[in-house]
Amino acid sequence: MTRVFSGIKPTGHVHLGNLLGALIPWVERQDADSIYCVVDLHALTVPQDPDELRGTTLRLAQVLLSLGLDPEVCTLFVQSHVHEHTELAWLMECTASFGELSRMTQFKDKSDKAGRGGFVSGGLFTYPALMAADILLYDADEVPVGDDQRQHVELTRDLAERFNSRYGPTFTVPRATFPSAGARVMDLQEPTAKMSKSDDQAPGTILLLDEPKAIERKIKRAVTDSDGEVRFDVEAKPGVSNLLSILAGVTGRTPEAVAADYERYGPLKADTAAAVVERLAPIQTRYAELAADPAETARLLAVGADRARETAAATLARARDNIGLLPR
Ligand code: TYM
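Parameters and conventions
- Residues numbered from 1 in each chain as written.
- Predicted model: local features only at pLDDT ≥ 70, side-chain atom pairs only at ≥ 80, totals over all residues.
- Heavy atoms only, no water.
- 1 Å grid on protein atoms, 1.4 Å probe; cavity = no way out; pocket = protein on both sides within 12 Å on 5 of 7 lines; lining within 4 Å.
- Points joined across faces, edges and corners; volume = space filled by probe spheres on them.
- Helix = DSSP H or I, 4+ residues; strand = E, 2+ residues; numbered from the N terminus.
- Nonpolar A, V, L, I, M, F, W, Y, C, P; charged D, E, K, R; others polar.
- Domains from an automatic or database assignment.
- Near = heavy atom within 4 Å.
- Polar contact = N/O pair within 3.5 Å; in protein donor to acceptor, adjacent residues only side chain to side chain.
- Areas by Shrake-Rupley, 256 points an atom, 1.4 Å probe, with all protein chains shown as cover.
- Buried < 20%, exposed > 50% of the residue type's maximum accessible area, 1.4 Å probe, protein only.
- Arc of directions from axis to C-beta.
- Contact = heavy atoms within 4.5 Å.
- Salt bridge = Lys/Arg side-chain N within 4 Å of Asp/Glu carboxyl O.
- Buried area = accessible area lost by both parts, 1.4 Å probe.
- Core = buried A, V, L, I, M, F, W, Y, C linked by side-chain atoms within 4.5 Å.

Student: Can you help me understand the layout of surface pockets in this one?
Tutor: Empty space among the atoms can be located by rolling a probe the size of a water molecule over them. By volume, the second largest pocket is sized at about 290 Å³. If you go around the second largest pocket, you meet 18 residues; those closest to its centre are Arg 184, Met 186, Phe 232, Val 234 and Ser 245. In terms of residue count, helix H10 (residues 238-251) provides more of the lining of the second largest pocket than any other element does, four residues in total. Here the lining of the second largest pocket is built from residues that sort into ten nonpolar, six polar and two charged. When residues of the lining of the second largest pocket are assigned to domains, at least three map to each of domain 1 (4-182 + 294-323) and domain 2 (212-289).

Student: Would you take a moment to explain the site of the ligand for this structure?
Tutor: Around the ligand there are 28 residues in total, and Tyr 127, Asp 134, Asp 148, Val 185 and Lys 197 lie nearest to it. Lys 9 is positioned with one of its backbone polar atoms (N or O) 2.9 Å from an oxygen atom of the ligand. Within the contact set of the ligand, a nitrogen atom lies 3.1 Å away from a side-chain nitrogen or oxygen of Gln 149. Coverage of the ligand by the protein amounts to 97% of the 710 Å² it exposes when considered alone. For the shell around the ligand, the elements supplying multiple residues, two or more each, are strand S1 (4-8), helix H1 (16-29) and helix H7 (122-136). Of the residues that constitute the shell around the ligand, the class distribution is twelve nonpolar, ten polar and six charged.

Student: Looking at this structure, how should I read helix H6 (residues 105-114)?
Tutor: Regarding H6, the residues found buried are Gln 106, Phe 107 and Ser 111. For H6, the buried positions fall inside an angular range of 115° around the axis, keeping them on one side. When the buried face of H6 is taken as reference, the exposed residues oriented beyond 90 degrees from it are Asp 112 and Lys 113. Where the residues of H6 are buried, they touch helix H5 (98-102), H7 and helix H8 (150-167). Phi turns positive, to about 75°, at Gly 115, one or two residues after H6.

Student: Looking at this model, I keep getting lost on the pattern of salt bridges. Mind explaining?
Tutor: Side-chain pairing between opposite charges can occur once the charged atoms of the two side chains come close. According to the stated counting rule, one finds 18 salt bridges in the structure shown. The shortest N-O distance in the salt bridge between Lys 218 and Asp 210 comes to 2.7 Å. Residue classification places Lys 218 among the buried residues on the basis of a relative accessible area of 10%. Across the pair Asp 261 and Arg 253 runs a salt bridge, and its minimum N-O distance is 3.2 Å. You can call Asp 261 partly exposed: its relative accessible area is 48%. A single network of salt bridges, built from pairs that share partners, joins Arg 29, Glu 142 and Arg 175.

Student: So what exactly am I meant to see when it comes to the domain arrangement of the protein chain here?
Tutor: Where interface size is quoted, it is often the accessible area lost as the parts come together. Each assigned domain of the protein chain is listed with its residue range as follows: domain 1 (4-182 + 294-323) and domain 2 (212-289). Just the C-alpha atoms count here: the centres of domain 1 and domain 2 sit 29 Å apart. Every contact between the two is made by 14 residues of domain 1 and, on the other side, 13 residues of domain 2. When domain 1 packs against domain 2, close to 1000 Å² is buried across both sides, 73% of that on carbon and sulfur atoms. The largest per-residue losses of area from domain 1 upon contact with domain 2 belong to Leu 16, Ser 66 and Ala 181, which jointly make up 45% of the total buried on that side.

Student: Please clarify how the nonpolar core should be interpreted in this entry.
Tutor: Looking at soluble globular proteins, one finds that nonpolar side chains tend to be buried together. By size, the foremost hydrophobic cluster in this structure holds 53 residues, and its most contacted members are Leu 23, Leu 64 and Val 276. Counting residues per element, this core draws most heavily on helix H12 (residues 265-291), which supplies nine residues. Looking at which domains feed residues into this core, each of domain 1 (4-182 + 294-323) and domain 2 (212-289) supplies at least three. Look past the residues within four positions of Leu 23 in its chain and what remains in contact with it is Ile 8, Val 14, Asn 18, Leu 64 and Leu 67. Judged by nonpolar contacts, the second largest core, of 40 residues, contains Val 39, Leu 88, Phe 171 and Ala 305.

Listed below in structure tokens is the structure:
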């Protein structure tokens, strides 16, 4: 069987990019060998309000359950409940080079945004080593992610190979997998920038829990272009191509096939909005039910953590042994 691992950070609200890039593929391919994680330690790379972090972590787990992740089928847990992640992260930090970590575009973007003199934590720099540990602990073959995580999974592969060649076979070398549509959902107002969680209030971001009216308004106002031709061409027509990718992602088609159905932007926008609203409606209903019972979510997460720990502990023991740490 193919072992699958992926994670999502509890920061901000889940948006359509998360959904199409990662979460729908997670749900669709879940089986007994799928392991999904709310990576709360990754949220700590920027200062957090403790109450808010607790709330966001729980709510994110509830969103994942309402999307259809079934803890009877797959493993769903919170990263900080399995301490093996932080321990293996140190071995990964010592396997990654300063140069490699410096080249990570997400680090460069985020540290640039903080500006000169702004606070950039050491954790933001070493974050990809923790992400590598997350994946390698579970012997994952595949890591379903959106396009923005491509570089981090590439680094994970390099670290696994380097560790294996230095200390003997220890880790499975994973590969990233991407959806055929929606691997990079762009901001509706600025279609050359990716849709992101930090833009919660932005008119270009569709949140999973947005009301139908808000979704319709945001898609109706999405930036397109003035040549009036419906065609999938990300370079020349980023706004229209983004709408085509969204409609394709939500309906399980390809953007090119969707493009063939439309001649004007108006109907494309109307159908995209209707399809998104229809896809989100049952998720929102289930979320409201789950949100009313946080104790049950906590119970399910505890079961998930117990299951995850079994695999994680075995891999960590192997890594410790191979690198020469004295047995306890
Ligand atoms: P995060 O929490 O930012 O995003 C979760 C998932 O959503 C995808 N995504 C997108 N896909 C398409 N279009 C977008 N605009 C968009 N924005 C986000 C991301 O690619 C991701 O798959 N570092 C990771 C979390 C992580 C992880 C891991 C992932 C930690 N450890 C191990 C995989 C395996 C992150 O910050 O994702």
